[in-house]
Amino acid sequence: MSDPLSDIVQLLRPEAVFANLISGRGNWAVRYAEFGRPSFCVMLEGGCRLAVDGHEPTMLSAGDFVLLPTTPAFTLSSDVPVPPVHLDPTQVPDGPELRYGEQTGPPDMRSVGGSFIFDCADPGLLVSLLPQVVHVRASLRLSQLVQMVAEETLDEKPGNAFMRSRLAEMLLVEAMRSTTSESAPPGLLRGLGDARLAAALKQMHAHVDRRWSVGQLARIAALSRSGFFERFMRTVGVAPMAYLLAWRMELAKELLRRGELSVSAIAEHLGYGSTSAFSVAFARHVGQPPSHYARRL
């Protein structure tokens, strides 16, 4: 059976990029400007206060994991905040460790901060899956994964790039698993948290070439047609056929990027009866015909 969450992460193809080992001592505060890309932080020792614009401040403790899918502006500070030092997230100083507050003496807080980049795929997929702030408390598994990525980043062994990319995929999956269906926005994560909708979603991903109807999917979910449609709309945020179309188009873009199949072969792979029907659907959804999309890559 297809696993929709794995499908999404494999399509994103994430790679973790580390900023620095970060520590703090005494009373301190730093204010980061909006970054716009997914970033994360794992607390190794001690604690600090995180205030993301538009959200209530929260205290972070050792073992906590935070993922910001779009990384708006935020302030990080000690328990007793002081006027913040303003920093540009794209201009983090080079060095083995970034220190906040007092520059000498053992730190009160240590953490690892990093960001994700995605190879060729649309990072908007990730934003659509997760709340604006993902905070997982005392996650041993996430801490272990980040530590392994840090080791791969610092120690250039053979197979280093492969290991980093696979560990980054595991980080994302674990973060998504840790996000409760109630806290996630309408979308795939909330849908997978609903046992009946999950059964239909898994079938849609496993047999993307099938000519599905709402009635067929409703039977898989053991719901009436109207009940399934309303529940899918409320939980996933779009109609079932709109979700299927969007997923087919993401797969189509990935196949076009690879350049291994013709447009007609992609149309057949995704269950379209003709190349022209696929081309019309792609152009309407993406804004240009598939042949133009492939040529501009």
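These notes cover the structure that comes with them. This structure is a prediction, so every number in the text was calculated from the model and none was measured.

A closer look at helix α4 (residues 160-178)
(1) Moving on: Compared with the 27 Å implied by 1.5 Å per residue over 19 residues, the 27 Å span of α4 between its first and last C-alpha is a close match.
(2) Moving on: Burial in α4 covers these residues: Asn160, Arg164, Ser165, Leu167, Ala168, Glu169, Leu171, Leu172, Val173, Glu174, Ala175 and Met176.

Notes on unusual backbone geometry
(1) Moving on: Phi is positive for Thr71, which is not a glycine, with a value near 45°.
(2) Moving on: With respect to the secondary-structure elements, Thr71 resides in the loop between β6 (65-68) and β7 (74-77).
(3) Moving on: Of note, the phi angle at Ala222 is positive, near 55°, even though the residue is not glycine.
(4) Moving on: Structurally, Ala222 can be placed in the loop between α7 (214-220) and α8 (225-236).
(5) Moving on: On the basis of relative accessible area, Ala222 is assigned to the exposed category, the value being 53%.

A word on the pairing of strand β5 (residues 58-61)
(1) Moving on: Sheet topology note: the strand β4 (residues 47-52)/β5 ladder contains four bridges and is antiparallel. Each residue of the ladder has a partner; that of Cys48, found in β5, is Leu60.
(2) Moving on: In sequence, β4 turns back onto β5 through a hairpin of five residues, with Gly54 there showing a positive phi of about 90°.

Regarding the packing of helix α6 (residues 195-206) against helix α9 (residues 240-258)
(1) Moving on: Closest axis-to-axis distance for the α6/α9 pair is 11 Å, and the angle between their directions is 35°. In this structure, α6 crosses over α9, and the sense of that crossing is right-handed. Of the residues in α9, those in contact with Leu201, Met204 and His205 of α6 are Pro240, Tyr243, Leu244 and Trp247.
(2) Moving on: The class makeup of the residues in the contact of α6 with α9 is six nonpolar, one polar and no charged.

The rules behind each value
- Residues numbered from 1 in each chain as written.
- Predicted model: local features only at pLDDT ≥ 70, side-chain atom pairs only at ≥ 80, totals over all residues.
- Heavy atoms only, no water.
- Helix = DSSP H or I, 4+ residues; strand = E, 2+ residues; numbered from the N terminus.
- Expected span 1.5 Å × (residues − 1).
- Buried < 20%, exposed > 50% of the residue type's maximum accessible area, 1.4 Å probe, protein only.
- Pairing = 2+ DSSP bridges.
- Axes fitted to C-alpha atoms, helices over the stretch in contact; angles between N-to-C directions.
- Left-handed = near helix turned anticlockwise from the far one by under 90°.
- Contact = heavy atoms within 4.5 Å.
- Nonpolar A, V, L, I, M, F, W, Y, C, P; charged D, E, K, R; others polar.

By themselves these figures say nothing about function.
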